[in-house]
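# Coordinate analysis (summary)
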Amino acid sequence: MNNVSAVSKKTSTFSVFCFIASYYSRVLDEQLTVSQTKAIVCAQCAFIAVIMPFDFGMLYRAVAVAWFAVSMLRCRTLMRGGEA
């Protein structure tokens, strides 16, 4: 029974990313894959982590900036047709 719920959860997550991919495809006027969509969402989350918490320390800032930089490089690679 536990395996069925894991498959169901994975399928629902995939369908959510398919919906987001179709939305981004319309906005960007370019067909996006699910992996490209995941990279864009990850970059957006990293950007929010960089700009939102004003009272966190420098270590948090450094980790957030590194996460954002890696996310942007991954987006760049995927949007140019590479694998990441």
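First, a word on scope: everything that follows refers to the structure included in this document. Predicted model, so just to flag it, every value in this text is computed and none were measured.

## Some words on the nonpolar core
By size, the foremost hydrophobic cluster in this structure holds 10 residues: Phe17, Tyr24, Leu32, Val34, Ala39, Ile40, Val41, Ala43, Cys75 and Leu78. Elements represented by at least two residues in this core include exactly helix H1 (2-28), helix H2 (34-51) and helix H3 (58-79). In terms of residue count, H2 provides more of this core than any other element does, five residues in total. In this view, Leu32 contacts Ala21, Tyr24, Ser25, Thr37, Ile40 and Met79; residues no more than four positions away in its chain are not counted.

## A few points about unusual backbone geometry
Backbone geometry places Asp29, a non-glycine residue, at a positive phi of 55°. Here Asp29 is to be found in the loop between H1 and H2. Residue Asp29 is classed as exposed on the basis of its relative accessible area, which comes to 70%.

## A look at the packing of H2 against H3
Put simply, H2 and H3 touch, their axes get as near as 8 Å, and they point 155° apart. Between H2 and H3, the angle falls in the class roughly antiparallel. When the axes of H2 and H3 are compared, the crossing they make is left-handed. Residues Ser35, Gln36, Ala39, Ile40, Cys42, Ala43, Cys45, Ala46, Phe47, Ala49 and Val50 of H2 pack against Tyr60, Arg61, Ala64, Val65, Trp67, Phe68, Ser71, Met72, Arg74, Cys75, Leu78 and Met79 of H3. Split into classes, the residues belonging to the contact of H2 with H3 amount to 18 nonpolar, three polar and two charged.

## A closer look at H3
Between its terminal C-alpha atoms H3 stretches 31 Å, which fits the 32 Å expected from 22 residues at 1.5 Å a residue. The complete set of buried residues in H3 reads Ala64, Ser71, Cys75 and Leu78. Buried residues in H3, looked at end-on, bunch into an arc of 70°, giving them a common side. Every exposed residue of H3 that faces more than 90 degrees away from the buried side is listed here: Met58, Leu59 and Val70. Contacts made by the buried residues of H3 are with H2.

Rules behind the numbers
Residues numbered from 1 in each chain as written. Predicted model: local features only at pLDDT ≥ 70, side-chain atom pairs only at ≥ 80, totals over all residues. Heavy atoms only, no water. Core = buried A, V, L, I, M, F, W, Y, C linked by side-chain atoms within 4.5 Å. Buried < 20%, exposed > 50% of the residue type's maximum accessible area, 1.4 Å probe, protein only. Helix = DSSP H or I, 4+ residues; strand = E, 2+ residues; numbered from the N terminus. Contact = heavy atoms within 4.5 Å. Axes fitted to C-alpha atoms, helices over the stretch in contact; angles between N-to-C directions. Parallel < 35°, antiparallel > 145°, perpendicular 65-115°, else oblique. Left-handed = near helix turned anticlockwise from the far one by under 90°. Nonpolar A, V, L, I, M, F, W, Y, C, P; charged D, E, K, R; others polar. Expected span 1.5 Å × (residues − 1). Arc of directions from axis to C-beta.

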